[in-house]
Amino acid sequence: MSEDSEKEDYSDRTISDEDESDEDTFMKFVNEDIHQCALLTADSISDPFFPGTTQILLEYQLGRWVPRLREPRDLYGVSSSGPLSPTRWPYHCEVIDEKIEHIDWTPLNPEPMYIPTGLEMEPLYANSKEETVVYLAEDAYKEPCFVYSRVGGNRTPLKQPVDNCDDTLMFEARFESGNLQKVVKVAEYEYQLTVRPDLFTNKHTQWYYFQVTNTQAGIVYRFTIINFTKPASLYNRGMRPLFYSEKEASAHNIGWQRIGDQIKYYRNNQGQDRHHHFSLTWTFQFPHSKDTCYFAHCYPYTYTNLQEYLSGINNDPVRSKFCKIRVLCHTIARNMVYILTITTPLKNSESRKRKAVILTARVHPGETNSSWIMKGFLDYILGNSSDAKLLRDTFVFKVVPMLNPDGVIVGNYRCSLAGRDLNRNYTSLLKESFPSVWYTRNMIRRLMEKREVILYCDLHGHSKKENIFMYGCDGSDRCKALYLQQRIFPLMLSKNCPDKFSFSSCKFNIQKSKEGTGRVVMWKMGIRNSFTMEATFCGSTLGNKRGTHFNTKDLESMGYHFCDSLLDYCDPDRTKYYQCLRELEEMEKHINLEKVIDDSDTSLKEITLDLETSSHASDSSESNDSQTDLLKLNSQIKTKKIQLKTKKERNSTIARHQNIREEEQEQKYLDESLLGF
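What you see is a predicted model; the values in this text were computed from it and never measured.

On to the UniProt feature "active site" (unreviewed entry) in the chain. UniProt's feature table lists "active site" (unreviewed entry) at Glu534, given in the numbering used throughout. With residues near it in sequence (within four places) discarded, Glu534 still touches His460, Gly461, His462, Asn467, Ile468, Phe469 and Tyr471.

What follows concerns the sheet that holds strand E12 (residues 242–245). A sheet is described by the order of its strands in space; here five strands give the open sequence E7-E10-E16-E12-E13, paired in antiparallel fashion. Every interior strand has two partners, whereas the edge strands, strand E7 (170–172) and strand E13 (257–258), have only one. Relative to strand E16 (residues 293–296), E12 runs antiparallel, the two sharing four bridges. Looking across to E16, one finds that Phe243 is bridged to Phe295.

What the rule picks out here adds up to 19 salt bridges. Between Asp421 and Arg414 there is a salt bridge whose closest N-O contact spans 2.9 Å. For Asp421, a relative accessible area of 12% gives the class buried. In this structure, Lys576 engages Asp568 in a salt bridge whose closest nitrogen and oxygen atoms are separated by 2.8 Å. Across the pair, Asp568 and Lys576 agree in class, each one buried. Put simply, Lys375, Asp379, Lys553 and Glu556 are held in one network by salt bridges that share partners.

Across the sheet, which stays open at both edges, the six strands sit in the order E5-E8-E9-E11-E15-E14 with mixed pairing between neighbours. The strands lining the two open edges of the sheet, one partner per strand, are strand E5 (132–136) and strand E14 (261–267). Between one strand axis and the next, the sheet turns by 20° as a mean value, whatever way the strands run. Relative to strand E15 (residues 278–285), strand E11 (residues 220–228) runs antiparallel, the two sharing seven bridges. Across the sheet, the residue bridging to Phe228 is Phe278, located in E15.

Residue position: Ser565 is located in helix H12 (residues 552–569). We classify Ser565 as buried; its relative accessible area is 0%.

As a further point, take the packing of aromatic side chains. Applying the stated criterion across every chain, the model contains 45 aromatic pairs. Ring centres 4.5 Å apart and planes at 10° place the aromatic pair Tyr91 and Tyr148 in the stacked group. Here Tyr91 is found in the loop between strand E4 (88–90) and E5, whereas its partner Tyr148 is found in the loop between E5 and strand E6 (149–151), with 57 residues between them in sequence. Given a relative accessible area of 37%, Tyr148 falls into the partly exposed group.

Let us now look at empty space enclosed by the protein. The tally for this structure, following the rule as stated, stands at six cavities of 30 Å³ or more. Volume-wise, the largest cavity comes out at about 170 Å³. Asp139, Ala173, Gly178, Arg196 and Val410 are, among the 17 residues lining the largest cavity, the residues nearest its centre. Put simply, the second largest cavity is a space of about 60 Å³. Residue lining of the second largest cavity: 13 residues in total, with Thr331, Asp406, Ser416, Leu422 and Pro435 positioned closest to the centre. Those elements giving two or more residues to the lining of the second largest cavity turn out to be helix H8 (405–410) and helix H9 (435–450).

Averaged over the chain, the pLDDT score is 82; the fraction of residues at 70 or greater is 73%. For residues 1–38, every residue scores under 50 in pLDDT, and the model assigns this stretch 73 contacts once sequence neighbours within four places are set aside. Below a pLDDT of 50 lies the segment residues 600–644, which in the model reaches 76 contacts outside its immediate sequence neighbourhood of four places, other chains included.

Two elements in contact, helix H10 (residues 480–496) and H12, have axes separated by 9 Å at closest approach and are oriented at 130°. The orientation of H10 relative to H12 falls into the category oblique. Where H10 crosses over H12, the handedness of that crossing is right-handed. Contact residues: H10 offers Gln485, Ile488, Phe489, Met492, Leu493 and Asn496, while H12 offers Met558, His561, Phe562, Asp564, Ser565, Leu566, Asp568 and Tyr569. Among the residues making up the contact of H10 with H12, the classes are represented as eight nonpolar, four polar and two charged.

Reading guide: rules and limits
Residues numbered from 1 in each chain as written. Predicted model: local features only at pLDDT ≥ 70, side-chain atom pairs only at ≥ 80, totals over all residues. Heavy atoms only, no water. UniProt positions renumbered as here; feature names shortened; annotations may be inferred. Contact = heavy atoms within 4.5 Å. Pairing = 2+ DSSP bridges. Helix = DSSP H or I, 4+ residues; strand = E, 2+ residues; numbered from the N terminus. Salt bridge = Lys/Arg side-chain N within 4 Å of Asp/Glu carboxyl O. Buried < 20%, exposed > 50% of the residue type's maximum accessible area, 1.4 Å probe, protein only. Axes fitted to C-alpha atoms, helices over the stretch in contact; angles between N-to-C directions. Phe/Tyr/Trp six-rings, centres within 6.5 Å; stacked < 30°, edge-to-face > 60°. 1 Å grid on protein atoms, 1.4 Å probe; cavity = no way out; pocket = protein on both sides within 12 Å on 5 of 7 lines; lining within 4 Å. Points joined across faces, edges and corners; volume = space filled by probe spheres on them. pLDDT = per-residue confidence, 0-100. Parallel < 35°, antiparallel > 145°, perpendicular 65-115°, else oblique. Left-handed = near helix turned anticlockwise from the far one by under 90°. Nonpolar A, V, L, I, M, F, W, Y, C, P; charged D, E, K, R; others polar.

As structure tokens, this is what we get:
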């Protein structure tokens, strides 16, 4: 069901007490006068006045028949009365019948990054006619572009080229989110792997997720993926591949874990047409023989995982009251894109008072870490804590948890089935080609007509940098007030989560190549706090987490810290807000000083003027590098964490601390700041 015509209202419809009171009144009326009420479909009435349709229901009320429309079907996409919406694939994609499932598990101790020894090998493979192909998936190349979809895809069995009775490992990736194109056995215990580019493209080889069976314990195997395209990789900064064993899961309740030795990411000689390729190699010993195992680039989170999660919300009598699930639109393959509206049911007088917060994720399907952050956010905001309730009472949350389900299903890294990056097409008018971002932009535009949107955040994964950080926006005609304000929320987030979130890695600029991204488009539409949150595929270089990988609980915790920082940002007690503002002003002064030192021919006055009015200063890499250096030099400037409070406690704190002297100081500070603009 597309968000169109009258259905469009459902996808952006605010939960209101008025709606619920109407239903309650009607049910009360039915209960009291059930003997006077009946339901018939219009086609059961022989009167020619009524059309022959099953979509009009006739209710007998107070001696007369009252027509009304039947409730639309598939409104929620997930239903307690039936199965989940079936997953649709491009018709030519081969899909196995087996459903792949993994347990949730968090390691007891943080998993350390790999420390190179300097002795890691760099296998280089020459093409040989004698090579043994043990896995080959050619179905991806049967069509040059998307044609049509089919539930379950093409289930024609793919015969394995080798006999599974010998000691050769068996590979499989024809399942949801799986990605593996070809495997060649180059030695007795050594395998050369090729990952599949995004469907209907010839690039974006980064995501891998595949199954291995017929394992032998105690044998050192080597795996080498030979067709990566990015020159830099976190694998050269300590990142390890992820591994899952079904026997470990069933016997010891152990799930995904970081593994591997002799890990090396390097340039190989496989490049063609002047395009160089890069290899990732690692060695590993399987813990069990005859086991079913998996390797992955990041913790998988599939479209089916999302549907099951949303079904749990929909079937929960408590959470479903303040979380309404709708279908925003359908994808090219006719999979559903869901939108969640989360807020305490509104009173009529409050309908326009609540401000809105928008979160989206998984526009890039291979960035699965964004889904785990989204899950953490939803777990917290739908929980029963006093702060979660306060957030629901204060804001209307619009959440699109998976913008690119087609790409997620087929195992793409970056693109949709249009063969394009959706996060470069938020300005596109091609609704049929890019439905999810078109409808998201349209939903936000209509939402802004009803209420103020104070924050937009699109969740992503990052393949080159550690930690978690944000990208924001600066305009060419910016003023100092907006320049500092846009940095307050990320700074608060870094203080609430100092071992994961790095403010020094944040950047605030608009590159021409990024003008079609959600972050920039929403900022130009008028959302001042418009961010992309980037989560590393690797781990942290900060605090107690330094030198360790992020696990799923670490990623989920960022959802809580996002909510925590949102409460701080909107706290009626503005102490934290102004502390961050002062700290940012102090940083700005150091940036000015850095520029004076770097350019002795430029006066301090000219530098200060340039920082406040230049059309290019905030967008230059020099400005961001200076900010990074500044934060390293001034790490001692910290804002002490203030205990979160409910609304009652906050109001009590404000009343207790309010006095004439503080008001005069705050007003004086604001006046001085405004005069400085």
